[in-house]
Amino acid sequence: MDQDISSFIADESFSIGESNILCIEVLRDKFGCCLLEGSTGTLKILMQDQLLSISKSSETSMIAESLILVNNPQVCLISARLDEISYNYIEKICSNNGCKLELQASDSFNRSSE
């Protein structure tokens, strides 16, 4: 299965070093995330997306806060699809924990269509 590698290359790059990078994506009623541990080179991915209930904003915020507090990432990448309430809450948590928050275009989180 050959895929064009350029579809996986980000527009920006940065040195990972010893940093932990947390990626968060919310699409409709599903919450997905992964964590890249720079010190070990380990990528941790949820086995399956978490289904969100009707109170999506508060649930998203609570899950994201737990992940940030437990994993202590230096960078948190979140999809532009995230609602404003959740974004503002995660921004506050990141600010309080020395984590740089970066908003990423939603197509950065999409799989290749091939």
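Structure: above.
Residues numbered from 1 in each chain as written. Predicted model: local features only at pLDDT ≥ 70, side-chain atom pairs only at ≥ 80, totals over all residues. Heavy atoms only, no water.

> Just checking my understanding: could you explain the overall build of the protein chain for this structure?
From N to C terminus, the protein chain includes 2 helices and 6 strands. Start at the N end of the protein chain and walk to the C end: the helices and strands fall as β-β-β-β-α-β-α-β. Here the protein chain, with 114 residues, has 30% of them falling under the buried criterion. Partitioning the intrachain contacts of the protein chain with sequence separation of at least 6 by distance along the chain shows that 54% fall at a separation of at least 24. For the protein chain, the accessible surface area stands at approximately 7600 Å², while carbon and sulfur atoms represent 52% of it. (Helix = DSSP H or I, 4+ residues; strand = E, 2+ residues; numbered from the N terminus. Buried < 20%, exposed > 50% of the residue type's maximum accessible area, 1.4 Å probe, protein only. Contact = heavy atoms within 4.5 Å. Areas by Shrake-Rupley, 256 points an atom, 1.4 Å probe, with all protein chains shown as cover.)

> How should unusual backbone geometry be read in this particular structure?
Negative phi values dominate among residues other than glycine, just as trans dominates among peptide bonds. In this model, Arg28 sits at a positive phi of 55°, which is unusual for a non-glycine residue. One can find Arg28 in the loop between β1 (20-27) and β2 (30-37). At Asn72, a residue that is not glycine, the phi angle is positive and equals roughly 45°. By relative accessible area, Asn72 is classed as partly exposed at 43%.

> Explain the nonpolar core to me, please; I cannot follow it from the model alone.
Among soluble globular proteins, nonpolar side chains are generally buried collectively. Within the largest apolar cluster, 18 residues are counted, with the highest numbers of intra-cluster contacts made by Leu22, Ile24, Phe31, Ile68, Cys76, Ile90 and Cys94. Those elements giving two or more residues to this core turn out to be β1, β2, α1 (56-71), β5 (75-79) and α2 (84-96). (Core = buried A, V, L, I, M, F, W, Y, C linked by side-chain atoms within 4.5 Å.)

> What is the right way to read the side chain of Asn20 from this model?
With respect to the element layout, Asn20 can be found in strand β1. The exposure class of Asn20 is buried, given its relative accessible area of 15%. A polar contact is formed between the side chain of Asn20 and the backbone oxygen of Asn71, at a distance of 3.2 Å. Excluding its chain neighbours within four sequence positions, the residues that come into contact with Asn20 are Leu35, Leu36, Glu37, Gly38, Asn71, Asn72, Pro73, Gln74 and Val75. (Polar contact = N/O pair within 3.5 Å; in protein donor to acceptor, adjacent residues only side chain to side chain.)

> I would appreciate a short explanation of the pairing of β2 in the present structure.
Each regular strand displays side chains that alternate between the two surfaces of the sheet. The pairing of β1 with β2 spans 8 bridges and is antiparallel. Bridge pairing in β2 places Asn20 opposite Glu37. The antiparallel hairpin formed by β1 and β2 contains 2 residues in its connecting segment, where Arg28 sits at a positive phi of about 55°. Bridge analysis of β2 against strand β4 (residues 50-51) gives 2 bridges, and the strand direction is antiparallel. (Pairing = 2+ DSSP bridges.)

> Mind showing me how you'd approach the side chain of Glu102 here?
Topologically, Glu102 is positioned in strand β6 (residues 100-104). At a separation of 3.1 Å, a polar atom in the side chain of Glu102 contacts the side chain of Lys100.

> Sorry, what's going on with α2 here?
For an α-helix, the turn length of 3.6 residues means that residues three or four places apart are oriented alike. Counted at 1.5 Å a residue, the expected span for α2 with its 13 residues is 18 Å, and the 18 Å between its end C-alpha atoms agrees. For α2, the set of buried residues is Ser86, Ile90, Ile93 and Cys94. Viewed along the axis of α2, the buried residues span an arc of 100°, placing them on a single side of the element. Within α2, the exposed residues directed more than 90 degrees away from the buried face are Glu84, Ile85, Ser95 and Asn96. On its buried side, α2 packs onto α1, β5 and β6. Sitting at the head of α2, Asp83 places a side-chain oxygen 3.2 Å from the backbone nitrogen of Ile85. (Expected span 1.5 Å × (residues − 1). Arc of directions from axis to C-beta.)

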